[in-house]
Amino acid sequence: MIEIKELHKSYGNLEVVKGVDLTVNKGEVLSIIGGSGSGKSTLLMCINGLEPIQKGRILVDGVEVHDRRTDLNKLRCKIGIVFQQWNAFPHLTVLENVMLAPRKVLGKSKQEAEEMAVRQLTHVGLANKLSVYPSRLSGGQQQRMAIARALAMSPDYMLFDEATSALDPQLVGEVLDTMRLLAEEGMTMILVTHEIRFARDVSDRVAFFHYGRVHEIGTPDQVIGQPQRPETAEFLKSVR
């Protein structure tokens, strides 16, 4: 599981995460919703060790992420993350992009890495794009390639940071379908998303972030269907 205990994160004098406590169990899908600047994306960066923290603890399967003795490269193999932008290497084909991390980080042979990459690209519906360069893909296809790239590391957890926000509306559905498939397969996922209907459909729990705190958390029917806090209700009105 992922355990977050009394987490505080600041940028200079600006505190953006203010004492967050969260636990995400194996196989659970947690969606995090809330306005811009509420600390949602920062939380994901802290979970993956990409941002230092000022106070608190984050444990992934009992390993403390921000302990100086923790091997972050090893830990990150367990935690896939997909950002708003796909950041592919333009000079590499789709297949080569997905093969790169298993070869360089996991030390897989070329054959092993290729087999893994083909499997995951097939998984996300890109089996016919292996030899194509990223610039020839649509935005939705590029984001699915980014998901395949994360899955090729065989992670136990997947973090999605508004993975559809940079896409044209007509391309959002294909990425959400891929994320839905992962949820149905039992992947443990934390999603930062503005896709409220999607969050309601796939999540076990939804957390509403407000000014750096977990303002409300519960099942999708509770938080999205019958919010108890006025701030939650106001936010949901603004995004529907």
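Residues numbered from 1 in each chain as written. Predicted model: local features only at pLDDT ≥ 70, side-chain atom pairs only at ≥ 80, totals over all residues. Heavy atoms only, no water.

Another point: empty space enclosed by the protein. Any empty space left between atoms is shown by rolling a water-sized probe over those atoms. Counting across every chain of the model gives one cavity of 30 Å³ or more. One number sums up the size of the largest cavity: a volume of about 40 Å³. Taken together, Glu 162, Ala 163, Thr 164, Leu 176, Met 179, Val 192, Thr 193 and Glu 195 make up the lining of the largest cavity. Grouping the constituent residues of the lining of the largest cavity by class yields four nonpolar, two polar and two charged. (1 Å grid on protein atoms, 1.4 Å probe; cavity = no way out; pocket = protein on both sides within 12 Å on 5 of 7 lines; lining within 4 Å. Points joined across faces, edges and corners; volume = space filled by probe spheres on them. Nonpolar A, V, L, I, M, F, W, Y, C, P; charged D, E, K, R; others polar.)

This part covers the packing of aromatic side chains. For the structure on display, the rule yields one aromatic pair. Note on Phe 208 and Phe 235: the rings are 5.5 Å apart at their centroids and 35° apart in plane angle, and the pair reads as tilted. Residue Phe 208 is found in strand S9 (residues 205-210), and its partner Phe 235 is found in helix H9 (residues 230-239); the two are separated by 27 residues along the sequence. With respect to burial, Phe 208 and Phe 235 carry one shared label: buried. When the ring centre of Tyr 11 is taken as reference, the NZ or CZ atom of Lys 9 above it lies at 4.5 Å. (Phe/Tyr/Trp six-rings, centres within 6.5 Å; stacked < 30°, edge-to-face > 60°. Helix = DSSP H or I, 4+ residues; strand = E, 2+ residues; numbered from the N terminus. Buried < 20%, exposed > 50% of the residue type's maximum accessible area, 1.4 Å probe, protein only. Lys NZ or Arg CZ within 6 Å of the ring centre and 35° of its normal.)

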